[in-house]
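Coordinate analysis (summary)
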Amino acid sequence: PAEQLAQGKALRAAMGARPVLLAASTREGEEALLLEAVQRAGSTPALLIIVPRHPQRFDDVAALITARGLRMQRRSARMAIDATTEVLLGDSMGEMFTYYAACDVVLMGGSFLPYGAHSLIEPCAAGKPVVIGPSVFNFAEAATAAVTAGAALSAPDLTAAYALALELAADGARCQRVGDAGIAFTVAHRGAAARVMSLIQIRE
């Protein structure tokens, strides 16, 4: 949606020059692994946005971030992002495309523990590089096609995925190439409904 993309671009501009990584639609257990990866990396050169898949987990994830000693803000507070904030908790509803537009690289939730992932087509359509984990059985065909097209990269676990996302975000040219490949990937696979309807009409 154009309005959400515009909001996301404005939000990204307000975040400053540091890289912004988005952990999108995370599932239970993944946030803890991701925060461990962040802390193992030492300094936190990037702003991490975590958007849990299920809203009933917002408070639990907030408590998890706080327990790790990381400086956090909540999107629902609608406050300017402080330069010292390390994690922005995406605890708002209906803003996923805003978050996609506001980030540099997407870590696709649900793919780092055996949940089967969530749709990586949306961040690809927004022109964002996507890093996926090993569990993609819900979107196996799309994941394979996206990796083959250069629109997504695969990592064996969240530690490797976080490192890869940081590497991507730091390389503007590569980040742009992967994002552009994502747009091309989604454009190339549009029109399925029209093709199915044409086949039905031919058979009639």
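For the structure itself, look to the data block above.
Quick caveat, the model's predicted, so the values are computed rather than measured.

Calculation rules
Residues numbered from 1 in each chain as written. Predicted model: local features only at pLDDT ≥ 70, side-chain atom pairs only at ≥ 80, totals over all residues. Heavy atoms only, no water. Buried < 20%, exposed > 50% of the residue type's maximum accessible area, 1.4 Å probe, protein only. Helix = DSSP H or I, 4+ residues; strand = E, 2+ residues; numbered from the N terminus. Arc of directions from axis to C-beta. Salt bridge = Lys/Arg side-chain N within 4 Å of Asp/Glu carboxyl O. Phe/Tyr/Trp six-rings, centres within 6.5 Å; stacked < 30°, edge-to-face > 60°. Pairing = 2+ DSSP bridges. Right-handed = clockwise from strand over helix to strand, strands pointing away.

Turning next to helix 3 (residues 58-67). Turning to helix 3, its buried residues are Phe58, Val61, Ala62 and Ile65. Mapping the buried residues of helix 3 onto a view down its axis gives an arc of 105°, with all of them on the same face. What points out from helix 3, more than 90 degrees from its buried face, is the exposed set Asp59, Asp60 and Ala67. Downstream of helix 3 by one or two residues, Gly69 has phi in the positive range, about 80°.

Okay, the pattern of salt bridges next. Applying the stated criterion to the full structure yields ten salt bridges. Here Arg75 and Glu95 are joined by a salt bridge, their closest N and O atoms 3.0 Å apart. Of the two residues, Arg75 is situated in the loop between strand 3 (72-74) and strand 4 (87-89) and Glu95 in the loop between strand 4 and helix 4 (96-102); the sequence distance between them amounts to 20 residues. Summarising the burial analysis for this pair, Arg75 and Glu95 share the class buried. Through salt bridges with shared partners, one network takes in Glu36, Arg40 and Arg68.

As enumerated under the stated definition, the model contains one aromatic pair in all. Arranged with centres 5.7 Å apart and planes meeting at 80°, the rings of Phe97 and Tyr100 form a pair that is edge-to-face. Of the two residues, Phe97 and Tyr100 both sit in helix 4, three residues apart, roughly one turn of that helix. Given a relative accessible area of 2%, Tyr100 falls into the buried group.

Here we take up the pairing of strand 2 (residues 47-52). Most of strand 2 sits inside the fold, with six of its six residues counted as buried. Residues Leu47, Ile49 and Val51 line one face of strand 2 and the alternating positions Leu48, Ile50 and Pro52 line the opposite face, and both faces are buried. As judged from the six bridges shared by strand 1 (residues 20-26) and strand 2, these two strands associate in the parallel manner. Bridge pairing links Val20 to Leu47 in strand 2. Regarding the hand of the β-α-β motif, the stretch spanning strand 1, helix 2 (residues 30-40) and strand 2 is right-handed. Relative to strand 4, strand 2 is paired through three bridges, and the arrangement is parallel. When the bridges of strand 4 are listed, Leu48 appears paired with Val87.

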